[in-house]
Amino acid sequence: MSQKIAVIVIHGLGKQHEDFATIFSDNLHNTFTTVSGMKNPELCIEIRPVWWASVFAEREEELKRKLVGAPYNLRYEELREFMIHYLADAVAYQPLRDGGEQNYDAVHHTISKQLNRISIEVGPDTPLCVVSHSLGSVIASNYFYDLQNAKEKTKIIDPSSPLERGETLSLFYTCGTTLPLWSLRYTSFDHPIQVPSKDFLTMHPNIAGEWINFYDKDDVLGFPLKSIHPEYDKIVKEDRDVNVGTIIDRWTPLCHNGYLHSNKVIRPIAEGLHKIWQQINGL
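Described in the following lines is the structure provided in the data block. On a predicted model such as this, the values are computed, not experimentally measured, just so you know.

### Some details on the overall build of the chain
Reasoning step 1: A tally of helices and strands in the chain yields 9 helices and 6 strands.
Reasoning step 2: Its C-alpha atoms give the chain a radius of gyration of 19 Å, near enough to 19 Å, the size a compact globule of 283 residues would have.
Reasoning step 3: Along the longest, intermediate and shortest principal axes, the C-alpha atoms of the chain span 65 × 45 × 40 Å.
Reasoning step 4: Looking at the chain as a whole, 50% of its 283 residues are labelled buried.
Reasoning step 5: Contacts in the chain between residues far apart in sequence, at least 24 positions, make up 78% of those at least 6 positions apart.

### Section: unusual backbone geometry
Reasoning step 1: Each neighbour pair has its own omega, and for Val195 with Pro196 the value is -5°, a cis peptide bond.
Reasoning step 2: Relative to the elements of secondary structure, Pro196 occurs in the loop between helix H6 (179-182) and helix H7 (198-203).
Reasoning step 3: The phi dihedral of Tyr76 falls on the positive side, at around 55°, and the residue is not glycine.
Reasoning step 4: You can call Tyr76 exposed: its relative accessible area is 64%.
Reasoning step 5: Backbone geometry places Ser134, a non-glycine residue, at a positive phi of 55°.

### Points about the pattern of salt bridges
Side chains that differ in charge, positive against negative, can pair when their charged atoms come close.
Reasoning step 1: Under the defined criterion, the tally for this structure stands at 11 salt bridges.
Reasoning step 2: Here Glu121 makes a salt bridge to Arg48, at a shortest N to O gap of 2.4 Å. Here Arg48 lies in strand S2 (residues 45-50) and Glu121 lies in helix H4 (residues 103-122), a separation of 73 residues in the sequence.
Reasoning step 3: With a shortest N-O distance of 2.9 Å, Arg240 and Glu238 are connected by a salt bridge.
Reasoning step 4: Classification of Arg240 as partly exposed rests on a relative accessible area of 25%.
Reasoning step 5: Relative accessible area serves as the criterion here: at 26%, Glu238 is assigned to the partly exposed category.
Reasoning step 6: Within the structure, one salt-bridge network assembled from shared partners comprises Lys4, Glu46, Arg48 and Glu121.

### Some details on the layout of surface pockets
Reasoning step 1: As a volume, the largest pocket reaches approximately 460 Å³.
Reasoning step 2: Secondary-structure elements contributing two or more residues to the lining of the largest pocket are helix H5 (135-149) and H6.
Reasoning step 3: Looking at which element gives the most residues to the lining of the largest pocket, the answer is H5, with 4 residues.
Reasoning step 4: Looking at the lining of the largest pocket residue by residue, the class counts come to 10 nonpolar, 4 polar and 4 charged.

### Observations concerning the packing of aromatic side chains
Reasoning step 1: This model, assessed by the stated rule, comprises 8 aromatic pairs.
Reasoning step 2: Ring geometry for Trp211 versus Tyr232: centroids 6.2 Å apart, planes at 65°, classification edge-to-face. A residue pair is termed long-range when its members are at least 10 positions apart, and Trp211 in strand S5 (residues 210-215) and Tyr232 in helix H8 (residues 230-235) qualify at 21 residues.
Reasoning step 3: Under the relative-accessibility criterion, Trp211 is labelled buried at 1%.
Reasoning step 4: Each residue in the set Phe172, Tyr186, Phe189, Trp211 and Tyr232 is aromatic and connected to the rest through ring pairs, giving one cluster.

### Details of the nonpolar core
Most often, soluble globular proteins have nonpolar side chains that are buried together.
Reasoning step 1: Among the nonpolar cores identified, the biggest contains 38 residues, and Ile8, Leu128, Val130, Phe144 and Trp211 are the most heavily contacted of them.
Reasoning step 2: Mapped onto this core, the elements with two or more residues apiece are strand S1 (5-10), helix H3 (77-93), H4, strand S3 (128-133), H5, strand S4 (169-175), H6 and H8.
Reasoning step 3: For this core, the element with the highest residue contribution is H5, accounting for 7 residues.
Reasoning step 4: Excluding anything up to four places from it in sequence, Phe144 contacts Leu115, Leu128, Val130, Gly166, Leu169 and Ile193.
Reasoning step 5: Val9, Tyr215, Val244 and Ile266 belong to the second largest nonpolar core, which has 34 residues in total.

### Comments concerning the sheet that holds S4
Strands belonging to one sheet form pairs held by backbone hydrogen bonds; the direction of such a pair is parallel or antiparallel.
Reasoning step 1: Pairing is parallel in the open sheet, where 6 strands are placed in the order S2-S1-S3-S4-S5-S6. Each edge of the open sheet is held by one strand with a lone partner, namely S2 and strand S6 (238-241). The mean angle between the axes of side-by-side strands here comes to 15°, regardless of whether they run parallel or antiparallel.
Reasoning step 2: As paired elements, S1 and S2 share 6 bridges and run parallel to each other. Looking at S2, one finds that Ile5 is bridged to Ile45.

### Considering the side chain of Asp219
Reasoning step 1: Mapped onto the elements of the fold, Asp219 is located in the loop between S5 and H8.
Reasoning step 2: Of the side chains with opposite charge, Lys217 lies nearest to the buried Asp219, which makes no salt bridge, at 14 Å.
Reasoning step 3: At 2.8 Å, the side chain of Asp219 forms a polar contact with the side chain of Tyr259.
Reasoning step 4: Not counting residues within four places of it along the chain, the set of residues in contact with Asp219 comprises Gly176, Pro253, Cys255, His256 and Tyr259.

Reading the values: rules and limits
Counting restarts for each chain, with residues numbered from 1 along the sequence as it is written. Confidence filtering applies because this is a predicted model: local features only for residues at pLDDT of at least 70, side-chain atom pairs given and counted only at 80 or more, and all residues used for totals across whole chains, interfaces and linings. By convention in this description, side-chain values take in all heavy atoms of the structure and omit both hydrogens and water. Helix and strand assignments follow DSSP, with helices taken as H or I runs no shorter than four residues and strands as E runs no shorter than two, numbered in order from the N terminus. The size measure is the radius of gyration over C-alpha atoms, and the globule rule it meets is 2.2 Å times the number of residues to the 0.38 power. Residue exposure (1.4 Å probe, protein chains only): buried if accessible area is under 20% of the type maximum, exposed if over 50%, otherwise partly exposed. Here, two residues are considered to be in contact whenever any of their heavy atoms come within 4.5 Å of each other. Salt bridge, as applied in this entry: a Lys or Arg side-chain nitrogen positioned within 4 Å of an Asp or Glu carboxyl oxygen. Two kinds of site are reported from a 1 Å grid over the protein atoms alone, namely cavities, where a 1.4 Å probe fits but cannot get out, and pockets, open sets with protein on both sides within 12 Å along at least five of seven lines, and residues are called lining when an atom falls within 4 Å of a point. Grid points are joined across faces, edges and corners, and a volume is the space filled by probe spheres set on the points. Note that Gly is not counted as nonpolar here; it falls among the polar residues with everything else outside the nonpolar set of Ala, Val, Leu, Ile, Met, Phe, Trp, Tyr, Cys and Pro and the charged set of Asp, Glu, Lys and Arg. Centres within 6.5 Å are what make two rings of Phe, Tyr or Trp a pair, Trp counting through its six-membered ring; a difference in plane orientation under 30 degrees is then read as stacked, over 60 as edge-to-face, and the rest as tilted. In this text, buried Ala, Val, Leu, Ile, Met, Phe, Trp, Tyr and Cys residues form a nonpolar core when linked through side-chain atoms within 4.5 Å. For two strands to pair, DSSP has to find at least two bridges joining them. Only the stretch in contact is used when a helix axis is fitted, and all axes are lines through C-alpha atoms; the angle between N-to-C directions ranges over 0 to 180 degrees. When charges are counted, neither His nor the chain ends are considered; positive counts come from Lys and Arg and negative counts from Asp and Glu. Think of a polar contact as two N or O atoms within 3.5 Å of one another; within protein, one of them needs to be a possible hydrogen donor and the other a possible acceptor, and neighboring residues in sequence only count if both atoms come from side chains.

Spelled out as structure tokens, the structure:
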């Protein structure tokens, strides 16, 4: 039996549902079949969604109920709901300086749970691919940065699993990322996560892996990464300009939600997965 590749999908801002990655997963399987010629892609890739919105969903709905409806009856209710779910996610995720219960840790635990499940199902040495959208790219970057730089402080479910320790990270695909905006929090944003991880390169020195960042010029929330700092220029293989979205919104900022539905994004991911699957299995 061949070694599978693990894939986690991390959603972005907004009101997200538990099944947010279902269509993307189906399309990725189908495209992997087209790219590889293999009829059973589920034997090669194991896909798991990371639904971190569950951490904030109930509280955001309660906040909307308290502020928007009676007795205030604020106008533009749908737009306010949109803003609550978009802005509140970004605000609530920030780590607290005074300690206590951390949303930051709770969100990261949703990643830990899925990595643990994959580790149990397909093996602790499984190469890992991360696909992230919008704020999800910030979350993914923070999570793996913590693993790569402060492992003793990072809570993971099974510390004996290289996959859960982030050591098998080999592919990273960021879509419509807001990560450059977070660079303003630091005087120098010069320490990107290593993709592939140093541990993966030690185990597989002949497998390059890749970090590709997809952005749409019409997406006001998505940005290139290589120009942030020379260190990002070294690590990020490519900032790829893509036109995503539907016929109606592909020329507007609403295209921000179109990345994980676009073949211009899905096919390069499938190609990257197929390449590393072949390399890891000596084909």
